[in-house]
Amino acid sequence: MRVLISGAAGFLGSHLSDLLLADGARVVGVDNFVTGRPENIAHLRNHPRFELIRHDVTEPLKIDGAIDQIFHLASPASPVAYDKMRIATMKVNSQGTWNLLDLAVEKNARFLVASTSEIYGDPAVHPQREEYWGNVNPIGLRSMYEEAKRFSEACTMAYHRERQADTRIIRIFNTYGPRMGLKDGRVITNFIRQAVNHEPMTVFGDGTQTRSLCYVSDLVRGIRAVMEADFHEPINLGNPEDVTIVQLARDILSLVPGTRSRIDFQPSPAYDPRLRKPDLSRARQILSWTPVVSRKEGLEQVVKYYLEANQPK
Ligand code: NAD
Ligand code: UDP
């Protein structure tokens with residue numbers, strides 16, 4: 001089995017690489033390092049079944065030899081990152097998806113695209129089922145991500161329907177764990193960094209907005225299960241236990257010994273979705289997969305990782 005992972009130097013891509021290498025696969029990682037970090041895959045440098053290609057997937061990609069599966073994970077993923085890279089975000093989820101679908105057709109490989117809960121926008125339905133089409137402003141301040149991911153899904157279905165490409169679509173809900181960029185602006189890493197550095201913990205708005213948070217080991221098992229299943233419509237992956245952001249701040253404060261941080265309410269960013277929680281009925285039925293890591297366990301793990309790595313600054 002030889003697989004290609006775009007975005008392999010990113011948070012999820014590096015964990016997926018580890019999982020598939022442990023299964024015995026050969027992994028070709030492709031990344032241009034716009035948000036990924038060499039440290040995420042440094043431990044794979046001398047791995048006999050891992051190779052890294054530094055490449056921007058919005059440019060056509062030539063790969064020698066067979067490829068059995070393509071996981072398209074490349075894309076800026078945090079609001080802070082895609083805010084800085086609006087056009088690159090649109091390109092990697094349009095031309096990038098297109099190029100990798102062409103490669104999948106050429107290699108007769110299975111193709112999986114990482115879409116997102118953001119395609120539901122600010123949802124009018126809660127929890128979100130795959131049948132819900134979403135509530136997205138096409139010119140809103142998050143549209144470069146939301147609409148690009150919606151296009152990416154549409155492009156994937158077009159290749160499936162017209163070229164018989166063997167495709168899969170996952171909609172990932174907020175996921176966290178070791179190797180997230182500490183400064184990429186996502187809530188968990190912001191709170192950990194702030195708590196460790198005794199800085200004000202920035203809770204946006206009144207903190208009553210909710211998110212459901214999935215630990216990375218659960219998520220990558222889910223990604224692998226989707227690739228193995230014979231199902232072509234989108235599947236939600238995440239953890240259904242939701243929490244308010246202010247409670248999350250309190251949880252993290254309680255895990256960092258001796259912190260002098262205090263919660264500091266800040267204005268809400270534009271178009272911040274109020275609610276986010278996956279309906280996992282489809283995943284449970286089709287994949288027999290369910291997340292098993294509780295919020296308590298996951299937060300303990302990730303705080304421990306950043307404390308041991310002594311990374312926060
Ligand atoms: P990440 O930023 O850590 O990783 C993305 C990787 O893609 C980085 O290594 C980056 O350098 C690479 N990349 C970006 N543009 C590229 C290009 N044009 N060519 C080659 N490589 C490129 O983000 P992540 O959290 O690992 O997210 C991975 C995927 O999962 C993304 O598609 C994201 O939209 C999706 N997703 C993630 C979450 C989450 O909570 N982590 C939630 C929903 C969806
Ligand atoms: N958030 C916050 N403080 C921060 C960073 C984020 O209160 O320092 C909030 C943000 O407004 C949102 C939630 O946490 O309501 C999740 O934000 P994140 O950027 O992690 O992900 P997304 O908005 O894409 O779900």
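Residue numbers restart at each chain and count upward from 1, following the sequence in its written direction. Each chain takes a letter, starting from A, and each ligand takes a number, starting from 1, following the order in which they are written. In view of the model being predicted, local features appear only for residues whose pLDDT reaches at least 70, and side-chain atom pairs are presented and counted only at 80 or more, with totals across whole chains, interfaces and linings using the full set of residues. To get the side-chain values, take all heavy atoms of the structure and skip hydrogens and water.

**A closer look at the site of ligand 2**
Rules: By convention in these notes, a residue is near a molecule or strand provided one of its non-hydrogen atoms lies within 4 Å of it. Polar contact criterion, stated in full: a pair of N or O atoms within 3.5 Å, where within protein one must be able to donate a hydrogen and the other to accept it, and residues adjacent in sequence count only if both atoms are side-chain atoms. The Shrake-Rupley method, run with a 1.4 Å probe, gives the accessible areas here. Residue values count only the displayed protein chains as cover. Here a helix means four or more residues in a row that DSSP labels H or I, a strand means two or more in a row labelled E, and each is numbered from the N terminus. Here the term charged refers only to Asp, Glu, Lys and Arg, the term nonpolar to Ala, Val, Leu, Ile, Met, Phe, Trp, Tyr, Cys and Pro, and the term polar to all other amino acids, Gly among them.
Close contacts around ligand 2 come from 18 residues, with Asn190, Thr202, Phe204, Arg211 and Asp272 the closest. Between ligand 2 and the protein, one listed contact pairs an oxygen atom with a side-chain N or O atom of Asn174 at 2.9 Å. Separating an oxygen atom of ligand 2 from a side-chain N or O atom of Arg211 is a distance of 2.7 Å. With the chains in place, 95% of the 520 Å² that ligand 2 exposes on its own is no longer accessible. For the shell around ligand 2, the secondary structure elements donating two or more residues are α6 (187-196) and β8 (201-204). When its residues are assigned to classes, the shell around ligand 2 shows 7 nonpolar, 5 polar and 6 charged.

**A short note on the nonpolar core**
Rules: Working definition of a nonpolar core: buried Ala, Val, Leu, Ile, Met, Phe, Trp, Tyr and Cys residues. They are joined through side-chain atoms within 4.5 Å. Burial status follows relative accessibility: with a 1.4 Å probe on protein chains alone, a residue under 20% of its type maximum counts as buried, one over 50% as exposed, and anything between as partly exposed. Whether two residues are in contact is decided by their heavy atoms: any pair within 4.5 Å suffices.
Core analysis: the biggest nonpolar cluster contains 59 residues, and Phe71, Ile188, Leu237 and Ile252 have the highest contact counts within it. What Ile252 contacts, discounting residues up to four positions off in sequence, is Ile188, Phe191, Ile192, Ala195, Met201 and Leu299. Counting residues in each nonpolar core, the second largest holds 22 residues, with Leu61, Ala74, Cys155 and Met157 among its members.

**Examining the environment of Glu300**
With respect to the helices and strands, Glu300 occurs in helix α10 (residues 295-308). C-alpha separation for the pair Glu300 and Asp251, spaced 49 residues apart in sequence, amounts to 9.6 Å.

**Overview of the packing of aromatic side chains**
Stated formally: Two aromatic rings, drawn from Phe, Tyr or Trp (for Trp, its six-membered ring), form a pair once their centres lie within 6.5 Å of each other, and the interplanar angle then sorts them: stacked below 30 degrees, edge-to-face above 60, tilted otherwise.
Overall, the coordinates contain 6 aromatic pairs when judged by the stated rule. Taken together, the ring pairs connect Tyr120, Tyr132 and Phe173 into an aromatic cluster.

**Some points on the layout of surface pockets**
Let me state the cut-off plainly: Note on definitions: the grid is 1 Å and covers protein atoms alone; a cavity is a set of points where a 1.4 Å probe fits but cannot get out; a pocket is an open set with protein on both sides within 12 Å along at least five of seven lines; lining residues have an atom within 4 Å of a point. Grid points are joined across faces, edges and corners, and a volume is the space filled by probe spheres set on the points.
Reported here for the second largest pocket is a volume of approximately 380 Å³. In this structure, the second largest pocket is lined by 15 residues; those nearest its centre are Glu130, Trp133, Glu153, Arg171 and Pro234. Every element with two or more residues in the lining of the second largest pocket is listed here: α5 (143-163) and β6 (167-172). For the lining of the second largest pocket, the element with the highest residue contribution is α5, accounting for 5 residues. Taken together, the residues of the lining of the second largest pocket break down into 7 nonpolar, no polar and 8 charged.

**Description of the site of ligand 1**
Near ligand 1 lie 28 residues; those nearest to it are Leu12, Asp31, Thr35, Tyr145 and Lys149. Here an oxygen atom of ligand 1 sits 2.6 Å away from a polar atom, N or O, in the side chain of Asp31. Burial of ligand 1 by the surrounding chains reaches 95%, relative to a free accessible area of 820 Å². Among the elements of the structure, α1 (11-22), β5 (110-116) and α5 are those that each provide at least two residues to the shell around ligand 1. The element that contributes the greatest number of residues to the shell around ligand 1 is β5, accounting for 3 residues. The residue inventory of the shell around ligand 1, partitioned by class, reads 13 nonpolar, 11 polar and 4 charged.

**Structural notes on α1**
Here is the rule: To estimate the expected span of a helix, count its residues, drop one, and scale the result by 1.5 Å.
The terminal C-alpha atoms of α1 lie 17 Å apart, and with 12 residues this matches the ideal 16 Å at 1.5 Å per residue to within 8%. For α1, the tally of buried residues reaches 10 of 12 residues, placing the bulk of the element in the interior. Of the positions making up α1, those classed as buried are Phe11, Leu12, Gly13, Ser14, His15, Leu16, Ser17, Leu19, Leu20 and Leu21. Just past α1, the residue Gly24 takes up positive phi, approximately 105°.

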